[in-house]
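One-letter residues, chain by chain:
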Amino acid sequence: MFEFFSTKGFKSYVKEARKILDGNWTGRYTKPSPTLYPHQWNWDSAFMAIGYAHYNEDRAIKEIHSLFGHQWENGMVPQIVFNPEALGNYFPEPDFWQVPGGRLTSGITMPPLHAIACLHIYQHAKNRRSAHDFLKEMYPKLMASHRYLYRHRDPVKTGLVYIRHPWESGLDNSPSWDCPLKNIQVEKTGLPAYKRKDLAHGVPVEQRPSNEDYDRYVYLVDLFRENHYDETEIYRQCPFLVQDVLFNSILCRANRDLAEVGKIIDQDVSEVEEWLAQTSRAIRERMWSPERKQFDPIDLITGEQLPTATAASFMPLFAVAASQKQAQLLYERLNSVSFCALHQGNCFTIPNYDMARNEFDPKNYWRGPVWININWMLSQGLKSYGYREKSDAMKKDMIQLPVRFGFHEYFDSITGKGYGSDSFGWTSSLFIDLVYEYYDEDRQALNWLGRRKSRKLKDVKILNEVPGVIPSPAADLAPKLMSSIGELKDMFYSMDRGLVDYAAMKRSEEYRSYLESVVHLKAFDLKGLVTREEKLAFWINLYNTIVVQGIVELGLNSSVRGISNFFTHIAYDIGDYTFAPDDIEHGILRSNAHPPYRMSPVFKGRDPRRAYMIEPMDNRIHFALVCGSRSCAPIRFYEAGAIDDQLETATRNFINSSEVVILPEKNKILLSEIFNWYKKDFGHRRDIFRFLRPYLDQDEKAEYLAEHMDTIEVEHLFYDWNLNH
Ligand code: 2M8
């Protein structure tokens, strides 16, 4: 296998994301989307600023200024700031809200992400001095906004603040609100007349909240308006008062960052620290449900927890409010088939709702699709608790979604298809943040490999030596090895949780007996392999076996990149010769073709191992070799008698997976890096298309490719080196 970690190709997508943000930028703020959301939204602006911080500090600062320019006297930062020039296309607008003082804002708030965004701007600022001034200016405003929440939204001092409208949660029609909303009796005749405008922008009705939901949204706004936005009165009368997990987690994390901001500008931060301590304790103790092993919102009307199954219940990870034990339990649930486990097929990172529930809907807004902002926060939370592999895999999925499917508002959790508005603001800005972070981590990873020579294996490590076991010849050795590996997989790989218990595997009897059988390869007579089919099956199986054993032996638990020369410095002695995975792949199976980006073949001069090369090479082997990474084929056992059918199946599966994506609307085909690295085996674009054709499922996309072979643009997907357990 070829080890090169490529981030090339993202630059054009960063450009596209920036173009979207430029298009949505109004000169003062960024519209969440070109038409569906024409005004300024509260938490959207924080997400926009996080992306801008990497390349346009000035705009990041303006975005936040514009929002806080409309902060209410009581400290509340409104959910929407209306643009007087864009009125008429959204509902509800100022004529409906009628907030005091004729302000051009709505009368509710949203999750308070702004301290997080301000600290992020400062941390990425090129001009530290002006960023410092920005923090100084923002600190009192941020303090006032948190003070508003603690004063007016936590009147009995529980440490948890309440929301009084589903729009305040940011997750409007989340199934979490079904129950409290159902409890609101709405008489159609008692409601003010209104006309939804969100359905006039081409988004299908099944991807938006229902009319019943809207009736209740309107009912609540009407109640606020009638009570002149008086918080005490609203608290007395409002039938929807919920202490939400996501809102409080963001507040908790924002307190953490606000304390940091305060320290940077030499302020006394004791008040913020007190808020932080209170809210994180209350999340841990009052929102945790020991029976369900998750965090649940609290309905203040009934006094009961609302047992839900949304991604919001993992958000105390982002707050860093969960205890280690709670975090472990959350991780187990989050990394399960309910929320898309690591390396699980047919899903893309964390959907907003449990995929195993009846109410799960992969297309409907906050009732199942994948949202980039939620995943962005959760991946940070997981990293804080040390779940690095999951966090990295989520980042890659988040990057891949817009690359493959466009910069949409939300994505189908099963197919990845984009829904809602396209050219969506926070998808674009958080994509930029993720790619910048990714480049950075990539650079660090490469430096790290360069510096830490010790992680490079100095000598070839022979994996089939067990002291005291004498090699003896056995004809059916290869199938025995594979079934033994299969047994280990069954016992120690937990597919739904995405975990491999290497330590237990290494200690087990089964592993010992596997090691004892692999010793006999030393006595194996390679000349006994006569037919092309026998040779192919033997070497493919052997390659897959040595990679799995290498991962276990070297204790790798996140990526084969953990050892810089993994594919050349582990080996088996077979008969009189030594074979590393690269010898098997490039020497034997690819008829001694150069490994990509290497100047010479693996068998040089008169290397006697050349006698075992399989000629001509069969390029379908690329879809059967398991290189211990997510982007390569799933492990299987190959048999000489069925090898051709098996290779056909492996190739078909790979080609119809997310490693080959045809995007007719962009006149683009995204191809696995394998086709780029192995041009020698697949040829150039037309040859590749001809190769793909018989394998592709015969649908409109395949037809599109057939008709546009000359003009379609080819791009290569980055390779995912995370372990494929
Ligand atoms: C959505 O909410 C607005 C109301 O606030 C709407 O549906 O009209 C939500 O996704 C929310 O989280 C988001 O801030 C807003 C703008 O993107 O749209």
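Residues numbered from 1 in each chain as written. Predicted model: local features only at pLDDT ≥ 70, side-chain atom pairs only at ≥ 80, totals over all residues. Heavy atoms only, no water.

*Asks:* Explanation requested: the pattern of salt bridges in the structure shown.
*Replies:* Opposite charge on two side chains permits pairing when their charged atoms draw close. Counted under the stated rule, the structure contains 40 salt bridges. A salt bridge links Arg292 to Asp296; its shortest N-O distance comes to 2.7 Å. A salt bridge links Glu437 to Lys383; the nearest nitrogen and oxygen atoms lie 3.6 Å apart. Pair noted here: Glu437 is in helix α17 (residues 425-451) and Lys383 is in helix α15 (residues 372-384), with a separation of 54 residues, a long-range link. Relative accessible area serves as the criterion here: at 24%, Glu437 is assigned to the partly exposed category. Residue classification places Lys383 among the partly exposed residues on the basis of a relative accessible area of 31%. Counted as one network, the salt bridges with shared partners bring together Arg532, Glu533, Asp618, Arg620, Asp644 and Glu648. (Salt bridge = Lys/Arg side-chain N within 4 Å of Asp/Glu carboxyl O. Helix = DSSP H or I, 4+ residues; strand = E, 2+ residues; numbered from the N terminus. Buried < 20%, exposed > 50% of the residue type's maximum accessible area, 1.4 Å probe, protein only.)

*Asks:* Teacher, can you tell me more about the nonpolar core here?
*Replies:* Burial of nonpolar side chains together is a common tendency in soluble globular proteins. Trp43, Ile64, Phe240, Ile374, Trp376, Met377 and Phe431 are the most contacted members of the largest nonpolar core, which totals 155 residues. Listed in part, the 75 residues of the second largest apolar core include Leu481, Ile485, Leu529 and Leu536. (Core = buried A, V, L, I, M, F, W, Y, C linked by side-chain atoms within 4.5 Å.)

*Asks:* In this structure, what is going on with unusual backbone geometry? I would like to understand it.
*Replies:* Backbone geometry follows two general trends: most residues other than glycine have a negative phi, and most peptide bonds adopt the trans configuration. Pro92 follows Phe91 through a cis peptide bond whose omega is -5 degrees. Counting through the fold element by element, Pro92 comes out in the loop between β2 (80-81) and α4 (94-97). Omega for the peptide link from Glu615 to Pro616 comes to -5 degrees, which places this bond in the cis form. In this structure, Pro616 sits in the loop between α23 (581-589) and α24 (643-655). Positive phi, normally seen in glycine, also occurs at Cys340, with a value near 75 degrees. One can find Cys340 in the loop between α14 (324-334) and α15.

*Asks:* Quick question: what am I supposed to make of the site of the ligand here?
*Replies:* Taken together, 17 residues sit near the ligand, with Asp44, Tyr90, Gly170, Asp172 and Tyr365 positioned nearest. Here an oxygen atom of the ligand sits 2.8 Å away from a polar atom, N or O, in the side chain of Asp172. Looking at side-chain class alone, the shell around the ligand contains 12 nonpolar, 2 polar and 3 charged residues. (Near = heavy atom within 4 Å. Polar contact = N/O pair within 3.5 Å; in protein donor to acceptor, adjacent residues only side chain to side chain. Nonpolar A, V, L, I, M, F, W, Y, C, P; charged D, E, K, R; others polar.)

*Asks:* What am I meant to see in the environment of Pro92 here?
*Replies:* Here Pro92 falls in the buried class, since its relative accessible area comes to 2%. Taking the C-alpha atoms as reference, Pro92 lies 8.4 Å from Val218; in sequence the two are 126 residues apart.

*Asks:* Hey, could you run me through the confidence of the model for the protein chain in this one?
*Replies:* The predicted coordinates ought not to be read in detail in places where the model reports low pLDDT. Summing up the model confidence of the protein chain, the mean pLDDT is 89 and the portion of residues at 70 or higher is 90%. Overall, residues 446-454 carries pLDDT values under 50, and its contacts beyond four positions in sequence, including any with other chains, amount to 4 contacts. (pLDDT = per-residue confidence, 0-100. Contact = heavy atoms within 4.5 Å.)

*Asks:* Would you mind showing me how to read the packing of aromatic side chains here?
*Replies:* One pass over the structure, following the stated rule, counts 46 aromatic pairs. Aromatic side chains Trp25 and Tyr52 sit 6.2 Å apart centroid to centroid with 80 degrees between the ring planes, which places their arrangement in the edge-to-face category. Of this pair, Trp25 sits in the loop between α1 (10-24) and β1 (40-41) while Tyr52 sits in helix α2 (residues 42-52), and the two are 27 residues apart along the sequence. According to the relative accessible area criterion, Trp25 is buried, its value standing at 18%. For Tyr52, a relative accessible area of 0% translates into the label buried. A cation sits over an aromatic face here: Arg128 above Tyr122, 4.6 Å from the ring centre. When the ring centre of Tyr365 is taken as reference, the NZ or CZ atom of Arg208 above it lies at 4.6 Å. (Phe/Tyr/Trp six-rings, centres within 6.5 Å; stacked < 30°, edge-to-face > 60°. Lys NZ or Arg CZ within 6 Å of the ring centre and 35° of its normal.)

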